Structures are given as C-alpha cells and as structure tokens.
Amino acid sequence: MPLFHNVYGKLKKLGLIPLDKEKALQKLIEENLLEVLDMGFISSEYQTTHGGRIDTLAIDSDGAPVIIEYKRNRNDNVINQALSYLKWLKAQKVEFFEMLVTKKLGPEKASRIDWNNPRVICIAESYSKFDIDTLEVIPLRLELYKFHYYENNIFTLEKINSEDEKPQYVQQTATKQIENVIEKKSVEINIDTQLSKGQPYVQELFFTLKGKIYELDENIQEKVTGNYIAYRLSKSFAEIKVQKTKILIYLRPIIYSADSEKRIYKVPDSYNWVLDSRIYIENIDDLNYAMPLIEQSYKDVL
C-alpha cells in the first residue's frame with residue numbers, strides 16, 4: 001500500500017528506500033522491540049549448540065518465547081531456518097530459557113513464561129508464494145511480517161497472517177509437540193481454574209468487570225494463562241489476577257493525572273514489564289473507578 005505525504009494540500013507519494021546495511025533492519029527492530037512488537041529483548045545473534053545463530057531471541061508480553069529471523073533477500077530460506085532454531089530451543093531444558101530471561105529481564109518475568117505458545121516470527125520486505133503456502137501446513141505459531149522503509153524515515157511493519165486463523169487440528173498438533181518437551185510445566189488451564197481462587201463475591205465482581213471490558217470493543221480477545229487472564233487487541237492492555245478477596249489488574253502505562261485518588265501502583269522499572277501499572281478492586285465502586293484507567297490502557301494499543 002503506497003504512502004503519501006501531504007504538502008500544502010498536494011499528496012506526494014513516498015518512495016521506498018533500501019536500508020543501508022544488511023544488519024540495519026535487525027538493529028532497528030531490536031532497539032524498538034517493545035514498541036513495534038510488544039516484546040522484551042533477550043539476545044541478538046544467539047549461538048546455538050549446533051552452530052547456528054538465532055537473529056533475535058525475545059519474550060512477548062504474554063510470556064511466550066519468541067524467535068525472530070530476518071529475510072534480507074528473496075532467496076533466503078528464513079522460514080526453515082527459524083523452525084530449525086525453534087526445534088533446538090524446545091529441545092533445551094526448561095531452566096535454560098528461564099535463566100536467559102532472568103539474566104536479561106529479571107526473575108519476575110521468568111516466572112511468567114508460557115511454554116505452551118512459543119512463536120516464530122519472520123520479517124522481510126517480501127515473500128514468495130511458497131513462503132505463504134507454508135503457513136497453511138506448519139503446526140506452530142509461525143508469523144510473517146512485511147516491512148517497508150520510505151523516504152522521510154517512515155517505517156512500516158505489517159503482519160500478513162494470523163495464528164488465530166490456523167485450523168484447529170493444527171493448533172492441537174502443535175500443543176502435543178510442545179507438551180512432549182515441557183511436560184512438567186503443562187497443566188490444564190481454563191478460566192474456572194483462575195476464578196476458583198476467589199470467593200463467590202469476587203467471582204461475581206470479575207464477571208461484571210469482564211462485561212465492561214468487552215463493551216469497549218467487539219474485537220477484544222480473552223486469553224487465559226496459568227498466572228492471569230489477559231484482554232487484548234493487537235497487544236494486551238489488561239491482565240487480571242483473581243485473588244481470594246480482591247482482583248489485581250495490570251495495565252499499560254497510565255497518565256497518572258487520571259488517577260485522582262492515587263490508587264495505581266507502579267511496577268519497578270527493573271522488571272521491564274509492559275503492563276507496569278497495577279490497581280486492586282474489591283467492590284463495585286473500585287471497579288467503576290478503575291474502568292476509565294482500563295479504557296486508557298485499551299486506547300494505548302489502538
């Protein structure tokens with residue numbers, strides 16, 4: 001899709017320009033990983049035990065391990081290479097990746113790793129039909145992103161597929177493959193498991209909160225993990241933990257002037273959490289106070 005620059009009412013088409021160095025794309029993404037993909041950076045050019053180098057190793061905001069590879073020319077077989085690295089990563093002991101995350105992002109982030117949903121991301125300026133067709137049969141979270149760099153330092157990154165479109169049998173196959181590697185981490189996770197932690201009035205409060213969150217946008221998705229219940233569009237904007245007598249909500253950075261009663265607590269910067277603002281709710285009045293803050297967090301991902 002072409003981009004245009006408005007110059008005094010006249011639209012001028014922006015021309016595509018090449019990145020000046022082979023590593024420029026990787027460097028640009030890694031230095032802005034949190035902003036463009038909502039991920040925490042772990043390592044660049046990570047050396048594997050079989051002699052390969054993973055371009056970028058990361059962890060997303062939901063705790064999923066991520067391998068990112070960059071396709072710098074049309075002949076690069078980057079998808080097969082990335083899948084090979086994922087196979088290697090899954091063959092390592094669980095503690096191996098936890099150690100990497102702890103060293104770079106801290107123990108709190110390492111405790112939230114979602115081993116059921118590792119991701120492989122490929123970033124390129126273009127893809128072949130073979131690349132696109134591969135998505136239909138790969139039983140993993142394989143995602144392709146297309147980038148363009150324009151005049152005036154305009155950079156775009158567009159996802160050209162969605163893991164949500166995978167056939168159900170593919171997701172089931174992927175889960176079985178992963179469970180063979182991380183069996184000791186695998187537990188049955190559903191929303192009832194989370195709600196059972198709270199007393200009945202807390203469970204009722206949660207469903208009221210959930211309903212109000214869904215009123216913000218018909219495209220909001222719910223994701224349940226072992227640690228929290230997340231609500232997201234392109235990125236997560238709220239993570240909810242049900243506790244015995246209250247609900248803890250993590251949000252994206254809040255404009256603190258909106259928190260007139262100073263109820264928001266800031267997560268320490270050393271944790272490197274994207275959702276770094278937290279608030280407790282114990283009753284409907286607390287919920288009503290929190291909703292404008294939740295809406296502010298939601299607008300941050302639009």
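Residues numbered from 1 in each chain as written. Predicted model: local features only at pLDDT ≥ 70, side-chain atom pairs only at ≥ 80, totals over all residues. Heavy atoms only, no water.

1. Quick look at the layout of surface pockets
By volume, the second largest pocket amounts to about 400 Å³. Lining the second largest pocket are 26 residues, with Leu34, Asp38, Asn272, Trp273 and Val274 sitting closest to its centre. Those elements giving two or more residues to the lining of the second largest pocket turn out to be helix H2 (33-37), strand S3 (39-47), strand S4 (53-60) and helix H4 (94-105). (1 Å grid on protein atoms, 1.4 Å probe; cavity = no way out; pocket = protein on both sides within 12 Å on 5 of 7 lines; lining within 4 Å. Points joined across faces, edges and corners; volume = space filled by probe spheres on them. Helix = DSSP H or I, 4+ residues; strand = E, 2+ residues; numbered from the N terminus.)

2. Comments concerning the packing of helix H9 (residues 200-214) against helix H10 (residues 284-299)
Their axes nearest at 11 Å, the elements H9 and H10 cross at an angle of 30 degrees. When the axes of H9 and H10 are compared, the pair comes out roughly parallel. For the pair H9 and H10, the sense of crossing is right-handed. Residue-level inspection shows Leu205, Thr208, Leu209, Lys212 and Ile213 of H9 in contact with H10, the latter providing Ile284, Leu287, Asn288, Met291 and Ile294. Across the contact of H9 with H10, the residue classes break down as seven nonpolar, two polar and one charged. (Axes fitted to C-alpha atoms, helices over the stretch in contact; angles between N-to-C directions. Parallel < 35°, antiparallel > 145°, perpendicular 65-115°, else oblique. Left-handed = near helix turned anticlockwise from the far one by under 90°. Contact = heavy atoms within 4.5 Å. Nonpolar A, V, L, I, M, F, W, Y, C, P; charged D, E, K, R; others polar.)

3. With respect to the pattern of salt bridges
Tallied over the full model, the rule gives 16 salt bridges. Put simply, glutamate 143 and lysine 159 hold a salt bridge, and the shortest N to O gap is 3.5 Å. Note that glutamate 143 is positioned in strand S7 (residues 141-150) and lysine 159 in strand S8 (residues 154-159), a separation of 16 residues in sequence. One salt bridge connects glutamate 295 with lysine 299, and the closest N-O pair in it is separated by 3.8 Å. Remark: lysine 299 and glutamate 295 occur in helix H10; sequence separation between them is four residues, near one turn of the helix. Looking at glutamate 295, the relative accessible area reads 32%, which means it is partly exposed. When salt bridges that share partners are traced, they join Asp60, Arg119, Glu143 and Lys159 into one network. (Salt bridge = Lys/Arg side-chain N within 4 Å of Asp/Glu carboxyl O. Buried < 20%, exposed > 50% of the residue type's maximum accessible area, 1.4 Å probe, protein only.)

4. Here we look at the packing of aromatic side chains
Under the criterion given, the structure shown has nine aromatic pairs. Both rings, one in phenylalanine 206 and one in phenylalanine 207, keep their centres 5.4 Å apart while their planes meet at 70 degrees; by these two values the pair is edge-to-face. Each ring, one from tyrosine 250 and one from tryptophan 273, has its centre 5.4 Å from the other, and the planes form 70 degrees; the classification is edge-to-face. Taken together, the positions of tyrosine 250 in strand S12 (residues 247-251) and tryptophan 273 in the loop between strand S13 (265-266) and strand S14 (277-281) put the pair 23 residues apart, joining distant regions of the chain. For the pair tyrosine 250 and tryptophan 273, a shared accessibility class is recorded, and that class is buried. (Phe/Tyr/Trp six-rings, centres within 6.5 Å; stacked < 30°, edge-to-face > 60°.)

5. Some thoughts on H9
With 15 residues, H9 should reach 21 Å at 1.5 Å per residue; the first-to-last C-alpha distance of 21 Å fits that figure. Among all positions in H9, only Val202, Leu205, Phe206, Leu209, Lys210 and Ile213 are buried. Seen end-on, H9 carries its buried residues on one side only, within an arc spanning 140 degrees. Exposed positions of H9 whose direction lies more than 90 degrees from the buried face are Pro200 and Glu204. (Expected span 1.5 Å × (residues − 1). Arc of directions from axis to C-beta.)

6. Some points on the nonpolar core
Residues Ile42, Leu57, Phe97, Val101, Cys122 and Leu142 are the most contacted members of the largest nonpolar core, which totals 32 residues. Of all the secondary-structure elements, those providing two or more residues to this core are S3, S4, helix H3 (78-91), H4, strand S6 (119-124) and S7. Counting residues per element, this core draws most heavily on H3, which supplies eight residues. The contacts of cysteine 122, once residues within four sequence positions are left out, are Glu69, Val78, Ile79, Ala82, Tyr127, Leu142, Glu143, Leu144 and Tyr145. Leu195, Phe206, Val242 and Tyr289 belong to the second-largest nonpolar core, a separate cluster that totals 30 residues. (Core = buried A, V, L, I, M, F, W, Y, C linked by side-chain atoms within 4.5 Å.)

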